[in-house]
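# Results of the structural survey
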Amino acid sequence: EQINQVQNLLVLQPEALLFISQDSTAAAAGVRAANQADVPVIAVDQRPESGDGELVTFIATDSVKAARDLCTWLFAQMGGEGKLAILKGVLGSTAEQQRTQGCEEAIAEHPGIEVVAVQTANWDENEAFRATQNILTAHPDLDGVFGESDAMALGAAKAARQAGRDDLLSVGIDGFPTMFEGIKSGLVQATMAQIPYKMGQMAVQDAIKVMNGEGDSIPEIQYQDAVLITADNVDEFEPS
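Residues numbered from 1 in each chain as written. Predicted model: local features only at pLDDT ≥ 70, side-chain atom pairs only at ≥ 80, totals over all residues. Heavy atoms only, no water.

Attention shifts here to the environment of G112. Within the secondary structure, G112 sits in the loop between α4 (94-108) and β5 (113-120). Residues G112 and E54 lie 58 residues apart in sequence; the distance between their C-alpha atoms is 43 Å. If sequence neighbours within four positions are ignored, G112 has contacts with G80, E81 and G82. (Helix = DSSP H or I, 4+ residues; strand = E, 2+ residues; numbered from the N terminus. Contact = heavy atoms within 4.5 Å.)

Written as structure tokens, this is what we have:
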């Protein structure tokens with residue numbers, strides 16, 4: 001559907017295309033179509049894995065750093081040791097790869113953390129709920145869950161509550177309003193909040209530069225830091 005939308009937009013002969021892709025692999029076709037139409041592409045949040053497609057710039061959260069910092073915080077709450085489950089997003093997507101890498105880097109620095117389960121839940125709360133039910137059946141002494149998205153962290157926490165494991169720690173990445181409420185209520189413990197408003201603003205500013213012939217001044221990659229939100233500071237920030 002999204003590729004069809006891109007093709008329909010290209011008929012209008014735009015001077016720039018802001019592309020927030022749903023599927024990084026399928027998005028390759030959209031990038032190539034824009035390239036063939038000589039329409040500059042600015043990718044936001046998810047990098048289209050185009051291989052031979054060209055982007056003006058890619059604007060996104062530094063997901064490696066976000067996941068590394070979040071998992072480091074989680075491990076500190078676990079006392080530096082314990083059993084961890086990881087719930088992955090859509091396999092092969094930019095965010096999944098980078099968030100996995102970031103947490104793995106944190107795990108390498110904490111030999112007391114044992115990863116007992118890694119499952120894919122495709123960014124989905126319901127899938128994460130079911131996956132965590134199965135993980136808790138196999139590992140009832142699980143200590144923490146790293147959900148690569150807020151939705152998955154919420155699903156994991158709800159499964160833990162249903163299993164009587166209110167002490168299970170669950171963290172995610174995104175900064176959704178539902179996650180902020182979950183932190184306030186104690187359902188989940190932390191999120192790395194992205195700043196999508198700023199990324200969207202940057203994308204439009206770069207599009208204007210491209211249309212004014214100033215595209216060469218735009219960096220190829222523009223990573224933004226996320227903000228660690230916990231019970232200590234959740235009231236100080238507005239969700240994205």
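So that's the structure; there's more coming.
Tallied over the full model, the rule gives 10 salt bridges. Ionic pairing is found between E96 and K88, a salt bridge with its closest N-O pair at 3.6 Å. Judged by relative accessible area, K88 falls into the buried class, the value being 18%. Its salt-bridge partner being D167, residue R165 comes within 2.8 Å of it at the nearest N-O pair. Relative accessible area serves as the criterion here: at 14%, R165 is assigned to the buried category. Through salt bridges with shared partners, one network takes in E181, K184 and D235. (Salt bridge = Lys/Arg side-chain N within 4 Å of Asp/Glu carboxyl O. Buried < 20%, exposed > 50% of the residue type's maximum accessible area, 1.4 Å probe, protein only.)

Before going further, it helps to spend a moment on unusual backbone geometry. Positioned with a positive phi, D45 is a non-glycine residue whose angle comes to about 75°. Tracing the sequence through the fold places D45 in the loop between β2 (41-44) and β3 (57-61). Phi at W123 is positive, roughly 70°, even though this residue is not glycine.

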